[in-house]
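Letter by letter, the chains look like this.
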Amino acid sequence: MGLKGNFITFEGGEGTGKSTQIKLLAEYLEQKGLPIITTKEPGGTEIGQELRRILVTGDKDKMDAVAEALLYYADRRIHMTKKVWPAMEEGKWVLSDRFADSTVAYQYYGYNKRVPFQTLENLYKLTVGDFKPNLTILLDIDPKIGLARSLDKAGHMAVKETRHESRDFTFHENLRNGYLEMAQREPERFVVLNADKSIEDLHQEIVKIVSERFNLK
Ligand code: TMP
């Protein structure tokens, strides 16, 4: 694969403001004349949209962590082969709202390690191979604040995507701590930012990090 573009992923628990920040960063990079696409997991493709509906709506106990991990990886495989890698081959920058770190955070740490870590590593190898994001921006927030923001937003949604939000508080604490552990293990790929600040301040921090990392003038 001749992947000329860059892949930047945004991660975090519920209500961190990832999608707003991705939109702002995309606008900033486009103004610099860079070719950008924004996308998300689950749901970055047509089939992915169907998987997303299954995964994020309905009762929290309708499937377990193993079934979830398999469906998230099915979504990911289609996303990578049909959208992310083709765009990168054309030299595009791909900004993704979530990627494989979400599966480790939610299906491994969130569920208190009920899916073996090695199984998730094997699924990664099978689906993504040796490919990794060039940069992962982790938006960190106290889950009390994040969940309140997220459930507030869900009140205005046509389809209620609250399956994961409705899990107990320990789940959300586990997943936050899991993300921080993952970031410590791979400090060269991850940047951790405190997301409990204004949209504009957070955007400026992200611009600074991306500009430095990719030598943008
Ligand atoms: P979003 O609300 O950030 O778009 O993400 C959809 C939900 O899916 C969110 O609750 C996190 C969850 N999720 C997982 O549990 N595992 C995964 O691998 C991914 C990509 C998302």
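Quick note: structure is the one above.
Per-chain numbering applies: the sequence of each chain, read as written, is numbered from 1 onward. Given that this is a predicted model, residues contribute local features only at a pLDDT of at least 70 and side-chain atom pairs are listed and counted only at 80 or more, while totals for whole chains, interfaces and linings are drawn from all residues. Side-chain descriptors were evaluated using all non-hydrogen atoms of the structure, hydrogens and water having been removed beforehand.

Draft legend 1. The packing of helix α4 (residues 100-110) against helix α7 (residues 169-185), seen in detail. Where α4 contacts α7, the axes come no closer than 8 Å and their chain directions differ by 130°. In terms of their interaxial angle, α4 and α7 are classed as oblique. Regarding α4 and α7, the two cross each other, and that crossing is right-handed. Residues Asp-101, Ser-102, Val-104, Ala-105, Tyr-106, Tyr-109 and Gly-110 of α4 pack against Phe-171, Asn-174, Leu-175, Gly-178, Tyr-179, Glu-181, Met-182 and Arg-185 of α7. Only C-alpha atoms enter the line fits that serve as axes; for helices the fit covers just the stretch in contact. Angles between N-to-C directions range over 0 to 180 degrees. Numbering of helices and strands starts at the N terminus; helices are DSSP runs of H or I of at least 4 residues and strands are runs of E of at least 2. Comment on the angle field: the value is read as roughly parallel under 35 degrees, roughly antiparallel over 145, roughly perpendicular from 65 to 115, and oblique elsewhere. Crossings are classed by handedness, with left-handed meaning an anticlockwise turn of the near helix from the far one by less than a right angle and right-handed meaning a clockwise turn. Residues are treated as being in contact if the distance between any of their heavy atoms lies within 4.5 Å.

Draft legend 2. Just the sheet that holds strand β1 (residues 6-11), in detail. Pairing between two strands is assigned when DSSP locates at least 2 bridges connecting them. Spatially, the five strands line up as an open sheet ordered β2-β3-β1-β4-β5, and their pairing is parallel. The open sheet is flanked by β2 (36-40) and β5 (190-194), the only strands paired with a single partner. Averaged over all pairs of adjacent strands, the angle between strand axes in this sheet comes to 20°, irrespective of strand direction. By the bridge criterion, five bridges tie β1 to strand β3 (residues 93-97) in an arrangement that is parallel. Along β3, the bridge assignment pairs Ile-8 with Leu-95.

Draft legend 3. Region of interest: empty space enclosed by the protein. Detection works on a 1 Å grid of protein atoms alone, calling trapped sets that fit a 1.4 Å probe cavities and calling open sets with protein on both sides within 12 Å along at least five of seven lines pockets, with lining residues defined by an atom within 4 Å of a point. Grid points are joined across faces, edges and corners, and a volume is the space filled by probe spheres set on the points. In the structure shown here, the tally under the stated rule is one cavity of 30 Å³ or more. Forming the boundary of the largest cavity are 15 residues, of which Gly-13, Glu-14, Ile-141, His-172 and Arg-176 lie nearest the centre. If you list the elements that add at least two residues to the lining of the largest cavity, you get β4 (135-140), α6 (143-154) and α7. Looking at which element gives the most residues to the lining of the largest cavity, the answer is α7, with four residues. Of the residues that constitute the lining of the largest cavity, the class distribution is seven nonpolar, five polar and three charged. Under this grouping Gly is polar, as are all residues other than the nonpolar Ala, Val, Leu, Ile, Met, Phe, Trp, Tyr, Cys and Pro and the charged Asp, Glu, Lys and Arg.

Draft legend 4. Structural view of the site of the ligand. Neighbouring residues are identified by heavy atoms, a residue being near a molecule or strand if any of them is within 4 Å of it. Among the 14 residues in the neighbourhood of the ligand, the closest are listed as Glu-14, Arg-52, Arg-98, Thr-103 and Gln-107. In protein, a polar contact requires one atom able to donate a hydrogen and another able to accept it; more generally it is a pair of N or O atoms within 3.5 Å, and residues adjacent in sequence count only if both atoms are side-chain atoms. Within the side chain of Arg-52, one N or O atom sits 2.9 Å away from an oxygen atom of the ligand. Within the contact set of the ligand, an oxygen atom lies 2.6 Å away from a side-chain nitrogen or oxygen of Thr-103. For this analysis, a molecule is said to be in a pocket or cavity if more than half of its atoms are within 2 Å of the grid points defining it. When atoms are counted within 2 Å of each cavity's grid points, the one that captures over half of the ligand is the largest pocket. Breaking the shell around the ligand down by element, the ones donating at least two residues are α2 (46-56), α3 (65-89) and α4. Looking at the shell around the ligand, the element that brings in the most residues is α4, giving four residues. Each residue belonging to the shell around the ligand can be placed in one class, and the counts come to four nonpolar, four polar and six charged.

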